[in-house]
Amino acid sequence: MKQDTSVKVKYGVWGVIAGAAVAMIVGFGWGGWMTTSTAKGDTDEAVLASRAAICVAQFMKAPNHDQELKAFEETDSWKRSELIEKGGWDKMPGQGEASGAVAEACARGIEVLAAR
């Protein structure tokens, strides 16, 4: 190989490496790219938020929701998720058991509504 060609190859390889690095920095920093774990975390947060919204709606649609809201407000803040679980509002339609995170998020949502 000629010396001219080896220099061109050397600089060409370094150019590809630098270009790839710049593309990754721009893509992950500003382009909206994300890793699998970040995407999974975002998805889990979105699912929890939607389930909490359904839970709050089920609580508010209960026939005796005024009494339940009063009992909710009288309950200590650390026991409110237990009240939600006992009422069954944290269960999604067709679901046997719900996670505790849904009950906690639901309790926070009901607290916001009760404050209004």
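Residues numbered from 1 in each chain as written. Predicted model: local features only at pLDDT ≥ 70, side-chain atom pairs only at ≥ 80, totals over all residues. Heavy atoms only, no water.

## Here we look at the nonpolar core
Let me state the cut-off plainly: The definition of a nonpolar core used throughout is a set of buried Ala, Val, Leu, Ile, Met, Phe, Trp, Tyr and Cys residues joined through side-chain atoms within 4.5 Å. In this scheme, a residue with accessible area under 20% of its type's maximum is buried, one over 50% is exposed, and one in between is partly exposed, where area comes from a 1.4 Å probe on protein chains only. Secondary structure elements follow DSSP: runs of H or I of four or more residues count as helices, runs of E of two or more count as strands, with numbering from the N terminus. Here, residues are in contact when the closest pair of their heavy atoms is within 4.5 Å.
Formed by 13 residues in total, the largest nonpolar core has its most connected members in Cys 55, Phe 59, Phe 72, Ile 84, Trp 89, Cys 106 and Ile 110. Elements supplying a minimum of two residues to this core: α2 (36-61), α3 (65-74), α4 (80-87) and α5 (100-115). It is α5 that contributes the most residues to this core, 4 residues altogether. Leaving out residues up to four positions away in the same chain, Cys 55 has contacts with Ile 84, Trp 89, Asp 90, Met 92 and Cys 106.

## Digging into a nonpolar patch on the surface
Applicable threshold: Residues form patches when they are more than 30% accessible in relative terms and have no salt bridge. Like charges link within 9 Å. Nonpolar side chains (Val, Leu, Ile, Met, Phe, Trp, Tyr) link within 5 Å. The Shrake-Rupley method, run with a 1.4 Å probe, gives the accessible areas here. Residue values count only the displayed protein chains as cover. By convention in these notes, a salt bridge is any Lys or Arg side-chain nitrogen within 4 Å of a carboxyl oxygen on Asp or Glu.
A surface patch of nonpolar side chains, amounting to about 400 Å² of accessible area, comprises Val 9, Val 13, Trp 14 and Ile 17. Mapped onto the fold, Val 9 is located in helix α1 (residues 3-29). Since its relative accessible area comes to 44%, Val 9 is described here as partly exposed.

## Notes on α4
Stated precisely, the cut-off is as follows: Read the arc as the range of directions from the helix axis to the C-beta atoms.
Here α4 has its buried residues at Arg 80, Ser 81, Leu 83 and Ile 84. For α4, the buried positions fall inside an angular range of 155° around the axis, keeping them on one side. Contact partners of the buried residues in α4: α2, α3 and α5. Gly 88 sits one or two residues past α4 and shows a positive phi near 80°.

## A closer look at the packing of aromatic side chains
Short version of the rule: Within 6.5 Å between ring centres, the rings of Phe, Tyr and Trp (the latter by its six-membered ring) count as paired, and their orientation is classed by plane angle as stacked under 30 degrees, edge-to-face over 60, tilted in between. We call a charge positioned above a ring when the Lys NZ or Arg CZ atom is no farther than 6 Å from the ring centre and deviates by at most 35 degrees from the ring normal.
As enumerated under the stated definition, the model contains 3 aromatic pairs in all. Aromatic side chains Phe 59 and Trp 89 sit 4.8 Å apart centroid to centroid with 75° between the ring planes, which places their arrangement in the edge-to-face category. Note that Phe 59 is positioned in helix α2 and Trp 89 in the loop between α4 and α5, a separation of 30 residues in sequence. Of the two residues, Phe 59 and Trp 89, both sit in the buried class. Linked through ring pairs, Phe 59, Phe 72 and Trp 89 together constitute an aromatic cluster. In this arrangement the basic side chain of Arg 80 is found over the ring face of Phe 72, its NZ or CZ atom lying 4.8 Å from the centre.

## Re the state of the cysteines
Convention followed: Two cysteine sulfurs form what is called a disulfide whenever their separation falls within 2.5 Å.
Scanning the model with the defined rule gives 1 disulfide in all. The disulfide bridge from Cys 55 ends at Cys 106, spanning 2.1 Å between sulfur atoms. An S-S torsion of about -80° defines the bridge between Cys 55 and Cys 106 as left-handed. Taken together, the positions of Cys 55 in helix α2 and Cys 106 in helix α5 put the pair 51 residues apart, joining distant regions of the chain. Residue Cys 55 is classed as buried on the basis of its relative accessible area, which comes to 0%. Of the residues examined, Cys 106 reaches a relative accessible area of 0% and is grouped as buried.

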